[in-house]
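Structural characterization, general
One letter stands for each residue in the lines below.
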2 protein chains.
Amino acid sequence: MPRIAKAQAEQAIDERKDQIKKAALKIFAEKGLAGTKMSMIAEAAGISQGLSYRYFESKDEIFGLLVEEAIEESRQAIQHIGRLPGSPLEQLRAFTLHLLDEDHKQFFLLVQQALTSEGVPHKAREAIERYSPQDTIEQMIPIFVRGQQEGQFAEGDPYKRLILFLSVVNGLMLQDAKATGMDWTQEVDRLLNILTK
Amino acid sequence: MPRIAKAQAEQAIDERKDQIKKAALKIFAEKGLAGTKMSMIAEAAGISQGLSYRYFESKDEIFGLLVEEAIEESRQAIQHIGRLPGSPLEQLRAFTLHLLDEDHKQFFLLVQQALTSEGVPHKAREAIERYSPQDTIEQMIPIFVRGQQEGQFAEGDPYKRLILFLSVVNGLMLQDAKATGMDWTQEVDRLLNILTK
DNA sequence: GTCTATAGCAGGATAGAC
DNA sequence: GTCTATCCTGCTATAGAC
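Residues numbered from 1 in each chain as written. Chains lettered and ligands numbered in written order. Predicted model: local features only at pLDDT ≥ 70, side-chain atom pairs only at ≥ 80, totals over all residues. Heavy atoms only, no water.

Going by what an unreviewed UniProt entry lists, chain A is known as TetR/AcrR family transcriptional regulator and is assigned to Cohnella ginsengisoli.

A word on the overall build of chain A
Rule in force here: Numbering of helices and strands runs from the N terminus; a helix is a DSSP stretch of H or I covering at least four residues, while a strand is a stretch of E covering at least two. Using a 1.4 Å probe on the protein chains alone, a residue whose accessible area is under 20% of its type maximum counts as buried, one over 50% counts as exposed, and one in between counts as partly exposed. Any pair of residues with heavy atoms lying within 4.5 Å of one another is described as a contacting pair. In this description, accessible areas are obtained by the Shrake-Rupley approach with a 1.4 Å probe, and a residue is regarded as covered only by the protein chains that are shown. In this charge count, Lys and Arg are treated as positive and Asp and Glu as negative; neither His nor the chain ends contribute. Working definition for charges: the position is that of NZ of Lys, CZ of Arg, CG of Asp or CD of Glu.
Helix and strand counts for chain A come out as ten helices and zero strands. When the helices and strands of chain A are read in sequence order from the N terminus, they spell out α-α-α-α-α-α-α-α-α-α. With the C-alpha coordinates of chain A rotated into their principal frame, the extents come out at 65 × 40 × 30 Å. Across the 197 residues that make up chain A, the buried fraction comes to 47%. Once local pairs closer than 6 in sequence are excluded, the contacts in chain A between residues at least 24 apart make up 70%. Counting every atom, chain A has about 10000 Å² of accessible surface; 49% of that belongs to carbon and sulfur. Considering chain A, the positive charge centre built from 24 side chains and the negative charge centre built from 29 side chains are found 2 Å apart.

Brief notes about the interface of chain A and chain B
Rules: Two parts placed together each lose some accessible area; with a 1.4 Å probe, that loss summed over both constitutes the buried area. Two N or O atoms count as a polar contact when they lie within 3.5 Å, although within protein this holds only if one can serve as hydrogen donor and the other as acceptor, and sequence-adjacent residues are included solely when both atoms are side-chain atoms. Three classes are used, and their members are as follows: Ala, Val, Leu, Ile, Met, Phe, Trp, Tyr, Cys and Pro are nonpolar, Asp, Glu, Lys and Arg are charged, and the others, Gly among them, are polar.
In this assembly, 32 residues from chain A lie in contact with 32 residues from chain B. Here chain A meets chain B over a buried area of about 3100 Å², counting both sides, of which 63% is carbon and sulfur. Where chain A meets chain B, there are two residue pairs in polar contact (both at pLDDT 80 or more). Taken together, the elements giving at least two residues each to the side of chain A that touches chain B come down to α1 (3–35), α6 (102–115), α9 (158–176) and α10 (188–196) of chain A. The greatest single-element share of the side of chain A that touches chain B, amounting to eleven residues, is contributed by α9(A). Grouping the constituent residues of the side of chain A that touches chain B by class yields 13 nonpolar, ten polar and nine charged.

Notes on the protein's contact with DNA strand C
Note the following rule: By convention in this text, a residue qualifies as near a molecule or strand provided that one of its non-hydrogen atoms is within 4 Å of it.
With respect to spatial proximity, 16 residues lie near DNA strand C, and among them A:R16, A:S48, A:Y55, B:Y53 and B:K59 are the closest. Among all atoms of DNA strand C positioned within 4 Å of the protein, those belonging to sugar or phosphate total 67%. Within the side chain of B:Q49, one N or O atom sits 3.1 Å away from a base nitrogen of DNA strand C. A distance of 2.8 Å separates a phosphate oxygen of DNA strand C from a polar side-chain atom of B:Y53. Contributions of two or more residues to the surface near DNA strand C are made by α3 (52–55) of chain A together with α3 (52–55) of chain B.

Some remarks on the packing of helix α5 (residues 88–100) of chain B against helix α10 (residues 188–196) of chain B
All names here are of chain B. Convention followed: Axes, fitted as lines to C-alpha atoms, cover a helix only where it is in contact. Angles between the N-to-C directions of the axes lie from 0 to 180 degrees. The scheme is simple: roughly parallel for angles under 35 degrees, roughly antiparallel for over 145, roughly perpendicular for 65 to 115, oblique for anything else. In this scheme the crossing of two helices becomes right-handed for a clockwise turn of the near helix relative to the far one and left-handed for an anticlockwise turn of less than a right angle.
Contact pair α5 / α10: the axes reach a minimum separation of 11 Å and the direction vectors enclose 130°. The pairing of α5 with α10 is recorded here as oblique in orientation. Along this stretch, α5 crosses α10, giving a crossing that reads as right-handed. For the pair α5 and α10, contact is made by L89, L92, R93, T96, L97 and L100 and by V188, D189, L192, L195 and T196, respectively. Residue composition of the contact of α5 with α10, by class: seven nonpolar, two polar and two charged.

Topic: the protein's contact with DNA strand D
Close to DNA strand D lie 15 residues; A:Y53, A:K59, B:R16, B:S48 and B:Y55 are nearest. Taking the atoms of DNA strand D that fall within 4 Å of the protein, sugar and phosphate contribute 68% of them. In this structure, a phosphate oxygen belonging to DNA strand D sits 3.1 Å away from a main-chain N or O atom of A:M38. Secondary-structure elements contributing two or more residues to the surface near DNA strand D are α3 of chain A together with α3 of chain B. Among the residues making up the surface near DNA strand D, the classes are represented as five nonpolar, five polar and five charged.

Some remarks on the relation of the copies chain A and chain B
Note the following rule: What sets the superposition is a least-squares fit of C-alpha atoms, and only residues with pLDDT of at least 70 in both copies go into it.
Once turned by 180° and shifted 0.1 Å along the axis, chain A lies on chain B with an RMSD of 0.1 Å. Expressed as an axis order, the relation between the two copies is that of a two-fold axis. For chain A, the residue whose C-alpha comes nearest the rotation axis is A:G171, separated from it by 1.5 Å. With an isologous cut-off of 70% or more, the 100% of interface residues of chain A that recur at the interface of chain B puts this contact in the isologous class.

Thoughts on the packing of aromatic side chains
Residue and element names in this part refer to chain A. Quick reminder of the rule: Pairs were defined over the aromatic rings of Phe, Tyr and Trp, the Trp ring being its six-membered one, requiring ring centres within 6.5 Å. Orientation was assigned from the angle between planes: stacked under 30 degrees, edge-to-face over 60, tilted for the rest. Working rule: Lys NZ or Arg CZ, within 6 Å of ring centre, within 35 degrees of ring normal, means a charge sits over the ring.
Counted under the stated rule, the structure contains four aromatic pairs over all chains. Ring geometry for F28 versus F63: centroids 4.9 Å apart, planes at 80°, classification edge-to-face. A residue pair is termed long-range when its members are at least 10 positions apart, and F28 in helix α1 and F63 in helix α4 (residues 59–81) qualify at 35 residues. By the burial criterion, F28 is buried, and F63 matches it. Directly above the aromatic system of F56 lies the positively charged group of K17, at a separation of 5.6 Å from the ring centroid.

Concerning the side chain of A:K21
Residues and elements named next belong to chain A. Note on placement: K21 falls in helix α1. A polar atom in the side chain of K21 sits 2.6 Å from the side chain of E69. Aside from chain neighbours lying at most four places away, what touches K21 is F56, L66 and E69.

Some thoughts on the nonpolar core
The condition is simple: By nonpolar core is meant a set of buried Ala, Val, Leu, Ile, Met, Phe, Trp, Tyr and Cys residues that side-chain atoms within 4.5 Å join together.
Core analysis: the largest hydrophobic core is formed by 120 residues, its most contacted members being A:F28 and B:F28. The residues contacting B:F28, other than those within four sequence positions of it, are B:L33, B:T36, B:I41, B:K59, B:I62, B:F63, B:L66, B:L110 and B:Q113.

Listed below in structure tokens is the structure:
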């Protein structure tokens, strides 16, 4: 096979893989590992039941890959905060909006599912354990402390304040899965009161 | 069988049923319907795999019964708020502490699982749909409005304020399943800032 | 490259021994 | 009344036709 044609073929394969992963992400995020049947993924992707196995070894492999991608996405988002323009408050505001964004939310829910599922593939389990919420908070602490020095944020233990705040945001995302049609982005400033007041 | 002996036998059966349900609640709340295997329930209850079926028809029946009990418990808690002593703020504080209480939390998580699971038994699905978060909020609105009149709570649409607050509390409970060993009851006053500020 | 048909297995539910 | 051994369904994963 000529080089060009080969590259095209590989690209087609990657596109198919992405199509399946995208469908799988939506369903895994909603129903968890055990609650998701391969037939559901196939239907959502608009392909036949067996075809996924031409592109992936197993259901576990798809789940594991998605978890790793979710964690990588999360890691990059948090590292990005410090470089955002604006005051510490504006930085955390932008970060929070990013967390509540639709695309990120699915990744987030997936990780939650992985945390509460039985029989999670070994690789996925490892990836999650490497990336604890502690890491996120540690990245946020310098920003928060700067905000305290500038008088924007409340006094007190930054770690405790931030873990409360992140838990609340996490909670909203989980809640939102089946939620009330409320646009949380409108409420971000009220949430930030937890830090500023 | 004499009346007394018969009553004793029935009591023994009820105790066994409670034992199984208690074990099941813990696991269902954590892993959902599909993620929970009957063998897990049996192990947690300290009995053999097949014995549960002498006391319950099916896995679905156990799940359904627990969901109904959870909703009943929730309904009673919310109706109880208005009769609590103290100011509106103190009433909502007590209610929030009750929600965050360990026993209530498992019921709450179970309902969340039911909301996000496939193939939930018909009866459980119905019970949940009868009991929407709206009901809870409607019960809370008069209390909140009284607090507004007394100047304790922030101005603004009571419904929106309360749904944000409940979502946050819900979120904390969900989060807490795998959480950080934090005692949320310590943070209730900070959460109530969402309403009072 | 995709579909349909099916093998193999895990787990829900049952039967029968004790 | 409880356990162990099995049946049977439904799902994962594979094989083979097109």
